Amino acid sequence: MSTLRVGLRCDAGPRRGVGHLVRCLALAEEFLARGADVTVFGTVERLDWATAELAARGIPLLPGPDSAAELVETARRHHLDVLVLDSYELDPAGAGALRAAGVYTLAIIDGDSRGQVADLYLDQNFGAELPGPGVEAGPGAGVWLPGRLLAGSGYALLRDTVISARPPVAPPATAVGRPRVLAFFGGTDAVGAAPVLTRVLVATGHPMDLTVIVGRPEIEAEVEDVTPGRGQIIRPVPPTTSLPALITEADLVVSAAGTSTWELCCLGAPTALVCVVDNQRESYTRVVRHGLAAGLGELPELTAGGVAGRAARATAARTLHGLLSSPQRRTTLATRAWSTVDGQGRARVVDAVFDAVRAAAVTG
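Read on for a plain summary of the structure. Being a predicted model, the structure only gives us computed values, none of them experimental.

**So, the pairing of strand E8 (residues 180-184)**
- The buried count for E8 comes to four of five residues, which makes it a mostly enclosed element.
- Bridge count for E8 against strand E9 (residues 208-213) is four bridges, and the pairing is parallel. Within E9, the position partnered with Arg 180 by the bridge is Asp 209.
- In this fold, the crossover linking E8 to E9 by way of helix H6 (residues 193-203) has right-handed handedness.
- Judged from the four bridges that link them, E8 and strand E11 (residues 252-256) form a sheet pairing that is parallel. Residue pairing for E11: Leu 182 is matched across the bridge by Val 253.

Here is the structure:
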């Protein structure tokens, strides 16, 4: 088979976050390792570290087509064999148009196909159960899926830096007087969770060395306004490519329940999650229910005024205090998480793509 030409269509920025780009980058690394030619199509706004990640791998970043016709025209102009679609905003008709044009199409989804008619669907969320071929795709989706479906955290897309940092066994927690805590909420913290959770962590009253990843200057200013308690240090730092190392060095990680959840699981990090946007709710609920992470609730609850808000913040602070003071609790979370995500998800996805493309070449 000649060199496979792969395109990945995704966007990233302060409003969209970086989750779509990060998982596409993981796929891109795997395709590159298999000898494919890879191009990313999309908009990456105000994220110098992200564009640097692409440049470091020699992956071109070109403007992203949106409509079905534009997607097909782009695929033809760049002679693409495969196009990966990872967006909540693209015209859902694009996948079907690409298939009709002979381009193998992978749609990365999060519980809802949005009516896309692709060759292959991927929902990497823990416990995801997708319908089989010929079954309606999701509540009210009204589309019959022709393609193969890859579902669950066994297909989690993780970057090289995460896979290489995965410990050989789940790391046991140890008793420490001042635990190292890492807090981060996506590449841009689009919803401003960092200041809220920083205040909740301070409210535990437990000594800690807290590093907070601040995605934007305004977030940094809010975090710096938080006054630490006795024995507490707060250290705001900008987004960094050394995040996997910070995760593995931390005694506890506090994060949003987005795509980074699978990185935290793979690394065996004792984690407390907060649900920051609606589309994280289902995955957040499953992960917490199965003991892969502790749950701190939903961000709107933690930011609410009045009695309800105070109660939500107090409950979250108690959960965090319990984790900070109990190595056993942290070890239990880390062990379950580590055993759930093995870091081989992207290889399984790319295997499925190569198998399908080869089969099509033979039958064609």
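Now, onward.
**A short note on the packing of H6 against helix H7 (residues 217-224)**
- Put simply, H6 and H7 touch, their axes get as near as 8 Å, and they point 15° apart. Comparing their axes, H7 and H6 come out roughly parallel. Crossing geometry of H6 relative to H7 is assigned as right-handed. Contact residues: H6 offers Ala 194, Pro 195 and Thr 198, while H7 offers Ile 219, Glu 222 and Val 223.
- The residue makeup of the contact of H6 with H7, split by class, is four nonpolar, one polar and one charged.

**Side note on the environment of Ile 233**
- Structurally, Ile 233 is set in strand E10 (residues 232-237).
- For the pair Ile 233 and Ala 311, spaced 78 residues apart in sequence, the C-alpha separation works out to 25 Å.
- Once you skip the residues sitting within four places of it in the chain, Ile 233 turns out to touch Arg 178, Met 208, Asp 209 and Leu 210.

**Regarding the layout of surface pockets**
- In this model, the second largest pocket occupies a volume close to 200 Å³.
- Considering the residues around the second largest pocket, the lining is formed by 16 residues, among which Pro 171, Pro 172, Thr 248, Ala 250 and Pro 270 are closest to the centre.
- Looking at side-chain class alone, the lining of the second largest pocket contains nine nonpolar, three polar and four charged residues.

Conventions adopted
- Residues numbered from 1 in each chain as written.
- Predicted model: local features only at pLDDT ≥ 70, side-chain atom pairs only at ≥ 80, totals over all residues.
- Heavy atoms only, no water.
- Buried < 20%, exposed > 50% of the residue type's maximum accessible area, 1.4 Å probe, protein only.
- Helix = DSSP H or I, 4+ residues; strand = E, 2+ residues; numbered from the N terminus.
- Pairing = 2+ DSSP bridges.
- Right-handed = clockwise from strand over helix to strand, strands pointing away.
- Axes fitted to C-alpha atoms, helices over the stretch in contact; angles between N-to-C directions.
- Parallel < 35°, antiparallel > 145°, perpendicular 65-115°, else oblique.
- Left-handed = near helix turned anticlockwise from the far one by under 90°.
- Contact = heavy atoms within 4.5 Å.
- Nonpolar A, V, L, I, M, F, W, Y, C, P; charged D, E, K, R; others polar.
- 1 Å grid on protein atoms, 1.4 Å probe; cavity = no way out; pocket = protein on both sides within 12 Å on 5 of 7 lines; lining within 4 Å.
- Points joined across faces, edges and corners; volume = space filled by probe spheres on them.

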